[in-house]
Amino acid sequence: MERSIAVFRSTYWRQHLTAHGTANDLLLAFQNQHRLPVRFNEILAEAADYSRLVQTQESQQISGVLGVLTILGLPLGTALGILQVLDDHSVAHLYIALALSIAVTAAVLTTRYGRLVVSSLRGGEGKPRP
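Note that this is a predicted model, so its numbers are computed, not measured. (Residues numbered from 1 in each chain as written. Predicted model: local features only at pLDDT ≥ 70, side-chain atom pairs only at ≥ 80, totals over all residues. Heavy atoms only, no water.)

Chemist: Can you explain the overall build of the protein chain? Please cite residues and give values.
Modeler: In terms of helices and strands, the protein chain carries 5 helices and 0 strands. Reading the protein chain from its N end, one meets helices and strands in the order α-α-α-α-α. A total of 130 residues make up the protein chain; the buried ones form 17% of that total. A separation threshold of at least 6 residues defines the contact pool for the protein chain, and within that pool the share at least 24 residues apart is 51%. With the model as given, the accessible surface of the protein chain reaches about 9,900 Å², and the carbon-plus-sulfur share is 63%. (Helix = DSSP H or I, 4+ residues; strand = E, 2+ residues; numbered from the N terminus. Buried < 20%, exposed > 50% of the residue type's maximum accessible area, 1.4 Å probe, protein only. Contact = heavy atoms within 4.5 Å. Areas by Shrake-Rupley, 256 points an atom, 1.4 Å probe, with all protein chains shown as cover.)

Chemist: Let's hear about a nonpolar patch on the surface: which residues, and what values?
Modeler: On the surface, a cluster of nonpolar side chains totalling about 460 Å² of accessible area is made up of Ile62, Val65, Leu66, Leu69 and Leu121. Counting residues per element, the nonpolar patch draws most heavily on helix 3 (residues 36–85), at 4 residues. With respect to the secondary-structure elements, Leu69 resides in helix 3. (Patch = residues over 30% accessible without salt bridge, like charges linked within 9 Å, V, L, I, M, F, W, Y side chains within 5 Å. Salt bridge = Lys/Arg side-chain N within 4 Å of Asp/Glu carboxyl O.)

Chemist: Describe the side chain of Thr105, naming the residues involved and giving the relevant values.
Modeler: For Thr105, the location among the structural elements is in helix 4 (residues 91–109). Judged by its relative accessible area of 7%, Thr105 is buried. Within the structure, the side chain of Thr105 is placed 2.8 Å from the backbone oxygen of Ser101, a separation counted as a polar contact. Every residue in contact with Thr105, bar those within four places of it in the chain, is listed here: Ile71, Leu72 and Pro75. (Polar contact = N/O pair within 3.5 Å; in protein donor to acceptor, adjacent residues only side chain to side chain.)

Chemist: Run through the packing of helix 3 against helix 5 (residues 112–122), naming residues and quoting values.
Modeler: Two elements in contact, helix 3 and helix 5, have axes separated by 8 Å at closest approach and are oriented at 135°. Considering their axes alone, helix 3 and helix 5 lie oblique with respect to each other. For the element pair helix 3 and helix 5, the recorded crossing hand is left-handed. Across from Gln60, Gln61, Gly64, Val65, Gly67, Val68 and Ile71 in helix 3, the residues of helix 5 making contact are Tyr113, Gly114, Val117, Ser120 and Leu121. Residues that form the contact of helix 3 with helix 5 fall into these classes: 6 nonpolar, 6 polar and no charged. (Axes fitted to C-alpha atoms, helices over the stretch in contact; angles between N-to-C directions. Parallel < 35°, antiparallel > 145°, perpendicular 65-115°, else oblique. Left-handed = near helix turned anticlockwise from the far one by under 90°. Nonpolar A, V, L, I, M, F, W, Y, C, P; charged D, E, K, R; others polar.)

Chemist: How would you explain the nonpolar core if you had to name every residue and give the values?
Modeler: Residues Ile5, Phe8, Leu36, Phe40 and Ala47 constitute the largest nonpolar core, which totals 5 residues. When residues of this core are traced back to their parent elements, those giving at least two are helix 1 (2–12) and helix 3. For this core, the leading source of residues is helix 3, giving 3 residues. (Core = buried A, V, L, I, M, F, W, Y, C linked by side-chain atoms within 4.5 Å.)

Chemist: Quick rundown of the packing of helix 3 against helix 4? Include the residues and the values.
Modeler: Relative orientation and spacing of two packed helices are given, respectively, by the angle between their axes and the distance between those axes. At a minimum axis separation of 8 Å, helix 3 and helix 4 run at an interaxial angle of 155°. Taken together, the axes of helix 3 and helix 4 are roughly antiparallel relative to one another. Helix-helix and strand crossings are classified by hand; for helix 3 and helix 4 the assignment is right-handed. Where helix 3 approaches helix 4, its residues Ile71, Leu72, Pro75, Leu76, Ala79, Leu80 and Leu83 are matched on the opposing element by His93, Leu94, Ala97, Leu98, Ser101, Val104, Thr105, Val108 and Leu109. Grouping the amino acids of the contact of helix 3 with helix 4 by side-chain chemistry returns 13 nonpolar, 3 polar and no charged.

Chemist: How would you summarise the confidence of the model for the protein chain if you had to cite specific residues and measurements?
Modeler: Summarising the model, the protein chain shows a mean pLDDT of 78, and 83% of its residues fall at 70 or more. Contacts from residues 126–130, a stretch scored under 50 in pLDDT, to residues over four places away or in other chains number 9 contacts. (pLDDT = per-residue confidence, 0-100.)

Dropping the structure here:
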């Protein structure tokens with residue numbers, strides 16, 4: 001889109017072609033006849049709107065991914081950290097810690113924050129469903 005705007009500007013928006021006034025007068029008359037100043041401002045405003053929309057969507061997706069990493073990583077990291085501090089090498093305790101961290105993650109995903117994170121990953125409007 002930016003390339004198209006640049007081509008439009010270089011093709012139809014030159015202000016000074018020559019040192020002579022006739023070519024400039026013709027170009028200004030063409031621009032005014034086709035309302036190019038108004039149309040060009042509309043194009044720039046539309047491009048800025050699309051840019052903001054894309055940046056907002058990217059920001060929501062990044063926030064969603066970080067939220068999921070937090071929701072998944074915090075319980076698991078805590079459980080594994082506790083096992084390491086206790087110097088527990090039991091496989092059964094590891095499985096119990098993993099199961100508990102999955103349960104905590106599932107519980108967090110049912111909260112308002114969890115639904116908000118999942119919604120932002122899906123590209124929703126950022127509002128959780130009631």
